[in-house]
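Chain residues, written in single-letter form:
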Amino acid sequence: MARDWPNELYDQLKAGGVSQFAYVPDAGHQILIDRSLADPDVHSVALTTEEEGVALLAGAHLGGAKGVLLMQSSGVGNCINFISLMKGGNFPFLTLVSMRGDFGEGNSWQIPMGQATKPVLEAMGVTCLAVESAPDVAPVVEAAMTMAYQSQMCIAVLLTQRLIGAKSFA
Amino acid sequence: MALKTKNIGGGRSAGKQASGHLERRAAVIALLGDTDDNDLLFVTGLAGSRSDVLEAVGADCKRVYPLSGAMGAATSMALGLALAQPDKRVICVTGDGELLMNVGTLATISILNPPNLAILCVDNEHYGETGFQRSHTGLGVDLARIAEGCGIQAVRTVIDEADFDEAGKLLRSGNGAGFVLLKVGVSDPPGVARNRDAVLNKAWFREAVLGKA
């Protein structure tokens, strides 16, 4: 996948049947969010907090639809108890997490949740697949969609700061 | 209208009071009306609202997804379902305590305004499941005004049987998201038995909506 991986990622998710894009606004997911807003074929769901998106995706599955939750790593902490619903009900759960608080982070406020993102997700039984370079985005997301939607797993694709870059606070 | 506050029923709720006087179980059953319609789907919160709906629709009805945990999830779940099934009617029945936990979902629902989604909040002003501690709605918080403030256009507060007809229609039909706040007295009607297995309930529900896998 080339420099334009966010646009290709959107096309890939849509081709995979995703029709509900849930998010709390986030710079790391800006292109996916904007594409979903401009796309009349999908539901673009702006949340007030990330945990709403977890339950939303369970409801989507009850109705036969596929959804994805787009969030920043800080939002992961807002979701944890609702993952009980996904694990307890074997609901497919796919989230794309734009990482903060990892590689090259310059804002110390982001560090605690960023460093804890993977351990807390794994503690809830969510499998984390990290992406560190643009060519890996497509194959990892393809694997993630298969694992979530076919095997009803809970999958978090971590879009690391090696991939998306660290925000400058200089 | 001045409503006389009175306590209904005993058990764990004995001695507790709320501003509403309707009996919750009977009121929910009356508001939901005829539920024998394959295009009518339910998501319930846990505890009281779960049993209210199960008694209304039948404990073995597959068109209901009852939560027994993940408090605060019911309304968002109903939204995802309503978006996925635009030709079905989705009614979310929840309680005041659960809705307070994720009240921002009313804002999320409002801006999407799905025409096939309605929320019925059974407001007894207490957290029944944990021992009937008083909730914020018994201390001045009005969830109907919050729903209106979120921009939901069709909002009704039910305090009396005279309100049932219009509120029932709002739940059953409408051209935008609807919200009904049902003010009830404090009571502790018996729970309705149903398998709590979340996977089993998911399979039942999907079979009812989507057909056999």
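Parameters at a glance
By convention here, each chain's residues receive numbers from 1 onward along its written sequence. Here chains are named by letter from A upward and ligands by number from 1 upward, in the order in which they appear as written. Only residues with pLDDT of at least 70 get local features here, since the model is predicted, and only at 80 or more are side-chain atom pairs given and counted; chain-wide, interface and lining totals rely on the full set of residues. Side-chain metrics in this entry use all non-hydrogen atoms of the structure; hydrogen atoms and water are not considered. Comment: elements are numbered from the N terminus, with helices defined as DSSP H or I runs of at least four residues and strands as E runs of at least two. Put simply, the radius of gyration uses C-alpha atoms, and a globule should come to 2.2 Å times the residue count raised to 0.38. The buried label applies to any residue whose accessible area, calculated with a 1.4 Å probe on protein chains only, is under 20% of its type's maximum; exposed applies above 50%, and partly exposed to all values in between. Residue contacts are counted whenever heavy atoms from the two residues lie within 4.5 Å of one another. Accessible surface is estimated by sampling points in the Shrake-Rupley manner with a 1.4 Å probe; for residues, cover comes only from the protein chains shown. By the counting scheme adopted, Arg and Lys are positive, Glu and Asp are negative, and His together with the chain ends is not counted. The working definition used for a salt bridge is a side-chain nitrogen of Lys or Arg within 4 Å of a carboxyl oxygen of Asp or Glu. By arc we mean the arc of the directions from the helix axis to the C-beta atoms, nothing more. Polar contact is defined as a pair of N or O atoms within 3.5 Å, subject to the rule that within protein one atom must be able to donate a hydrogen and the other to accept it, and that residues adjacent in sequence are counted only when both atoms are side-chain atoms. Two parts placed together each lose some accessible area; with a 1.4 Å probe, that loss summed over both constitutes the buried area. Here the nonpolar group is Ala, Val, Leu, Ile, Met, Phe, Trp, Tyr, Cys and Pro; Asp, Glu, Lys and Arg are the charged ones; every other residue, Gly included, is treated as polar.

## Some thoughts on the overall build of chain B
For step 1, the next point in the chain: Of regular secondary structure, chain B possesses eight helices and eight strands.
For step 2, the next point in the chain: Relative to the globule expectation of 17 Å for 213 residues, the C-alpha radius of gyration of chain B, 16 Å, shows essentially globular dimensions.
For step 3, the next point in the chain: Counting only C-alpha atoms and orienting by the principal axes, one finds that chain B spans roughly 50 × 35 × 30 Å.
For step 4, the next point in the chain: Burial analysis of chain B (213 residues in total) assigns 54% to the buried set.
For step 5, the next point in the chain: Here the contacts in chain B between residues at least 6 apart in sequence split such that 75% fall between residues at least 24 apart.
For step 6, the next point in the chain: Just so you have it, chain B exposes about 8500 Å², and 50% of that area is on carbon and sulfur atoms.

## Thoughts on the side chain of B:R194
For step 1, the next point in the chain: Take B:R194: it is sitting in the loop between β8 (178-183) and α8 (198-210).
For step 2, the next point in the chain: The side chain of B:R194 is buried and forms no salt bridge, while B:D60, the nearest opposite charge, is found at 6.4 Å.

## Quick word on the pattern of salt bridges
When the charged atoms of two side chains lie near each other, side chains of opposite charge can form a pair.
Residue and element names in this part refer to chain A.
For step 1, the next point in the chain: Per the stated rule, a full pass over the model turns up 15 salt bridges over all chains.
For step 2, the next point in the chain: When the shortest N-O distance is used, the salt bridge between D41 and K14 registers 3.1 Å. Here the residue D41 occupies a position in the loop between α2 (30-38) and β2 (43-46), and K14 occupies one in helix α1 (residues 5-15), the gap between them amounting to 27 residues.
For step 3, the next point in the chain: For D41, a relative accessible area of 57% corresponds to the exposed category.

## Concerning helix α1 (residues 24-32) of chain B
Residues and elements named next belong to chain B.
For step 1, the next point in the chain: All of the buried residues in α1 are R24, R25, A27, V28, L31 and L32. Looking straight down α1, one finds its buried side chains confined to an arc of 165°; they lie on one side.
For step 2, the next point in the chain: On its buried side, α1 packs onto β1 (40-44), α2 (48-57), β3 (89-95), β4 (117-123), α7 (164-172) and β8.
For step 3, the next point in the chain: Regarding α1, its N-cap is E23, as a side-chain oxygen of that residue lies 3.2 Å from the backbone nitrogen of R25 further along.
For step 4, the next point in the chain: Positive phi shows up at G33, right after α1, with a value of about 65°.

## With respect to α2(B)
Residue and element names in this part refer to chain B.
For step 1, the next point in the chain: With eight of its 10 residues buried, α2 lies for the most part within the structure.
For step 2, the next point in the chain: Those residues of α2 lying buried are S49, R50, S51, D52, V53, L54, A56 and V57.
For step 3, the next point in the chain: Summarising the contacts, the buried residues of α2 are in contact with α1, β1, β2 (64-66), β3 and β4.
For step 4, the next point in the chain: Looking one or two residues beyond α2, the residue adopting positive phi is G58, at roughly 100°.

## What to know about the interface of chain A and chain B
For step 1, the next point in the chain: Across the contact, 28 residues belong to chain A and 28 residues belong to chain B.
For step 2, the next point in the chain: Where chain A abuts chain B, roughly 2100 Å² becomes buried across the two surfaces, and 65% of that area is made up of carbon and sulfur atoms.
For step 3, the next point in the chain: The tally of links between chain A and chain B comes to zero salt bridges.
For step 4, the next point in the chain: Those elements giving two or more residues to the side of chain A that touches chain B turn out to be β2, α3 (50-62) and α5 (83-88) of chain A.
For step 5, the next point in the chain: With nine residues, the single largest contributor to the side of chain A that touches chain B is α3(A).
For step 6, the next point in the chain: Residue classes in the side of chain A that touches chain B are distributed as 12 nonpolar, 14 polar and two charged.

## A few points about the side chain of B:H126
All names here are of chain B.
For step 1, the next point in the chain: Here H126 lies in strand β5 (residues 126-127).
For step 2, the next point in the chain: On the accessibility criterion, H126 (5% relative accessible area) is buried.
For step 3, the next point in the chain: There is a polar contact of 2.8 Å between the side chain of H126 and the backbone oxygen of N124.
For step 4, the next point in the chain: Each residue touching H126, except ones within four places of it in the same chain, is listed here: K16, Q17, D96, F132, Q133, R134, S135 and V186.

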